[in-house]
Amino acid sequence: MAEMIRPGDRDEDRHDRTRLIPWVDMERVRSANVLVVGAGALGNEAVKDLALFGFRNVHILDMDSVVRSNLSRCVLFREGDQSSGKGKASLVAERARELDPEIHIKATEGKVQSLGPEEMERYDIILGCLDNVAARLHLNANSYHARVPYVDGGTAGFRGRVQAVVPPLTPCLQCGMNRSHFKVMERRFSCTGQDTVYYQPKMAAEITTTSVIAAVQVREAVKVLSGRTAIAHVMHYDGLAGTSEVFAMDIDPGCPNHPSSKLS
Ligand SMILES: [Zn+2]
């Protein structure tokens, strides 16, 4: 006998409408361990999307506290958070639980440099919501070595960029960087002689581009976890022109993250 479905039954399932997309693997989404590095503008949007999409196991890492200028781009922060004494990561976790109490979200106050390949191996996918090149390269190299897919996002004003790195086959973040990036980094490091403190210029940023880029990052995570092919390899978004383009890259034979390519 056919199952009786009463009007309104399907609306009791929070994710009923998402389940109507045939290729989305909601069980995989629910079970996947996701690391989000950075609880700033992109991290806020990414965690909001992860929670609403149905992700259940999220770890968010950030070392900063909220300042008032964050409030224009961070959907999970509230006026007053800047004087709460709480870290960005724990506030994001707290508010994500309000969006969906079934989410298991862990917050860590710390630096990305504290995570090596052994820690990366615990995750099924990693989202980079960072604002500096040094932290990105650390995350990129360690996730590549741990063979964990990494989706990097970045914005500058009305422009944005998302790169999907799926080891061991795709190029990585470092493959697309030319020597000038490294010269800039070397110069910054030499100011203090340490790798922990260096001048980070404030970038122009606004919420609409932030929302687009973080949404693309989470979408790529859903695709990879559902067994779909990720973008190959970098999406450039131009909010002024209203366009986005995907560019393919090659593995740089000089990139240290691909030892097998150097042997061939
Ligand atoms: Zn590479």
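Structure's up top.
Read on for a plain summary of the structure. (Residues numbered from 1 in each chain as written. Predicted model: local features only at pLDDT ≥ 70, side-chain atom pairs only at ≥ 80, totals over all residues. Heavy atoms only, no water.)

With respect to helix 3 (residues 41–53)
Let me state the cut-off plainly: To qualify as a helix, a DSSP run of H or I must reach at least 4 residues; to qualify as a strand, a run of E must reach at least 2; elements of each kind are numbered from the N terminus. Between the first and last residue of a helix there are one fewer steps than residues, each counted as 1.5 Å, and that sum is the expected span. Buried residues are those whose accessible area, probed at 1.4 Å on protein chains only, stays under 20% of the maximum for their type, while exposed residues exceed 50% and partly exposed ones sit between those limits.
Under the 1.5 Å per step criterion, the end-to-end length of helix 3 is 18 Å for 13 residues, consistent within 8% with the ideal 18 Å. Of all 13 residues that make up helix 3, eleven are buried, and the element is covered over most of its length. Turning to helix 3, its buried residues number three or more, namely Ala41, Leu42, Gly43, Asn44, Glu45, Ala46, Val47, Lys48, Asp49, Leu50 and Ala51. Just past helix 3, the residue Gly54 takes up positive phi, approximately 120°.

Quick word on the sheet that holds strand 8 (residues 243–247)
Stated formally: We call two strands paired when DSSP finds no fewer than two bridges between them. Inter-axis angles, ranging from 0 to 180 degrees, are taken between N-to-C directions of lines fitted to C-alpha atoms, where helices are fitted over the stretch in contact. Only heavy atoms matter for contacts: two residues are in contact if any of them lie within 4.5 Å across the pair.
Pairing is mixed across the open sheet formed by eight strands, whose spatial order is 3-2-1-4-5-6-7-8. Each edge of the open sheet is held by one strand with a lone partner, namely strand 3 (104–109) and strand 8. Across this sheet, the average inter-strand angle for adjacent strands is 15°, counted without regard to direction. Bridge analysis of strand 4 (residues 125–128) against strand 5 (residues 150–156) gives three bridges, and the strand direction is parallel. When the bridges of strand 5 are listed, Ile126 appears paired with Tyr150. Against the sheet, helix 4 (residues 88–99) engages strand 2 (57–62) and strand 3, with an angle of about 170° to strand 3. Contacting strand 1 (33–37), strand 4, strand 5 and strand 6 (159–165), helix 6 (residues 133–145) runs over the sheet at an angle of about 165° to strand 5.

Brief notes about the coordination of the zinc ion
What counts here: Note that water is not among the atoms considered, so a metal site may appear incomplete; the donors listed are N, O and S atoms within 2.8 Å of the metal, with 3.2 Å applied to Na, K and Ca. Tetrahedral means four donors with every angle between 85 and 135 degrees, whereas square planar (four donors) and octahedral (six donors) require angles over 155 degrees between opposite donors and between 65 and 115 for all others; sites fitting neither are termed irregular.
Every protein donor of the zinc ion is accounted for by Cys172 (SG), Cys175 (SG), Cys255 (SG) and His258 (NE2), and the metal-donor separations fall at 2.1 to 2.4 Å. For the zinc ion, the four donor atoms in the first shell make angles of 90 to 124° at the metal, so the coordination geometry reads as tetrahedral. You can call Cys172 buried: its relative accessible area is 0%. For His258, a relative accessible area of 4% translates into the label buried.

What about the packing of aromatic side chains?
Threshold: Stacked, tilted and edge-to-face are the three classes assigned to paired rings of Phe, Tyr and Trp, where Trp is represented by its six-membered ring and a pair needs centres within 6.5 Å; plane angles under 30 degrees give stacked, over 60 edge-to-face, the rest tilted.
All chains considered together, the criterion is met by one aromatic pair. An angle of 55° between the planes, with centres 6.2 Å apart, marks the rings of Phe53 and Phe55 as tilted. With relative accessibility at 22%, the residue Phe53 sits in the partly exposed group.

Observations concerning the pattern of salt bridges
Applied cut-off: The rule for a salt bridge is simple: a side-chain nitrogen of Lys or Arg has to be within 4 Å of a carboxyl oxygen of Asp or Glu.
Scanning the entire structure with this criterion turns up 15 salt bridges. Linking Asp16 and Arg17 is a salt bridge whose minimum nitrogen-to-oxygen distance equals 2.9 Å. Under the relative-accessibility criterion, Asp16 is labelled buried at 8%. The partner of Lys48 in a salt bridge is Asp49, and the shortest N-O contact between them spans 2.9 Å. In this structure, a network of salt bridges that share partners links the residues Arg14, Arg56, Asp100 and Glu102.

Bear in mind that shape data such as this cannot, by itself, settle questions of function.
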